[in-house]
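Observations on the three-dimensional arrangement
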Amino acid sequence: MNTVVVNEYRVSERVVLRPGDRFRVTGGPYWRSQDGSRIPLAERGVMTCLRVVRRGAVVLIEARGENGCCVLHVAGRRRNRVDPALVCRPYRVKGRVRESRRATR
């Protein structure tokens, strides 16, 4: 399987992520405890795209957030579970974050 670094990831018809773009992300993996509560293992919030990697149908976005750099699994087949309590769900990219008009004035 080839690993290819691409210059963009199409979120929707109108939104395309490129390196340097800021975007909002939700979802991601979580741990289900014995009492049924969810413990998030995911990065959330506004992140900056560093690069996009495609490995077959799997799409990974390398990004920088508040807690440092991370790899976000956003598309492709499900990942293998290490433990039945671990739920490996992909991240959802909600869209680009635009700079506010006040910052440019």
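Remember, predicted model here, so these are calculated numbers, not experimental data. Every chain's residues receive numbers from 1 upward, in the order its sequence appears when written. With pLDDT at 70 or above as the cut-off, local features in this predicted model cover only qualifying residues; side-chain atom pairs require 80 or more to be listed or tallied, and sums for whole chains, interfaces and linings still use all residues. The side-chain figures draw on all heavy atoms in the structure; neither hydrogens nor water molecules are used.

**Some words on the confidence of the model for the protein chain**
What counts, and what does not: Confidence of the predictor at the level of single residues is captured by pLDDT, which takes values from 0 to 100. Elements are defined by DSSP. Helices are runs of H or I of four residues or more, strands are runs of E of two residues or more, and each kind is numbered from the N terminus.
Mean pLDDT over the protein chain works out to 84, with 92% of the residues at or above the 70 mark. Looking over the protein chain, one finds the lowest element-wise mean pLDDT in helix α1 (residues 101–104), namely 60, and the highest in strand β7 (residues 45–55), namely 90.

**Considering the environment of Val58**
Note the threshold: It only takes one pair of heavy atoms within 4.5 Å for two residues to be counted as in contact.
As for its position among the elements, Val58 is in strand β8 (residues 58–65). Here the alpha-carbon distance between Val58 and Arg92, two residues 34 residues apart in the chain, equals 14 Å. With residues near it in sequence (within four places) discarded, Val58 still touches Val53, His73, Ala75, Gly76 and Arg77.

**Here we look at the sheet that holds strand β10 (residues 86–87)**
Each strand in a sheet pairs with another by means of backbone hydrogen bonds, the pair being arranged parallel or else antiparallel. Counted only if it meets this: In this scheme, strands are said to pair when DSSP sees at least two bridges between them.
Read from one edge to the other, the open sheet built from three strands follows the order β6-β5-β10, with strand pairing classed as antiparallel. Strands at the two margins of the open sheet, each flanked by one partner only, are β6 (38–40) and β10. Bridging between strand β5 (residues 30–32) and β10 involves two bridges; their strand directions are antiparallel. When the sheet's bridge partners are listed, Trp31 is paired in β10 with Leu86.

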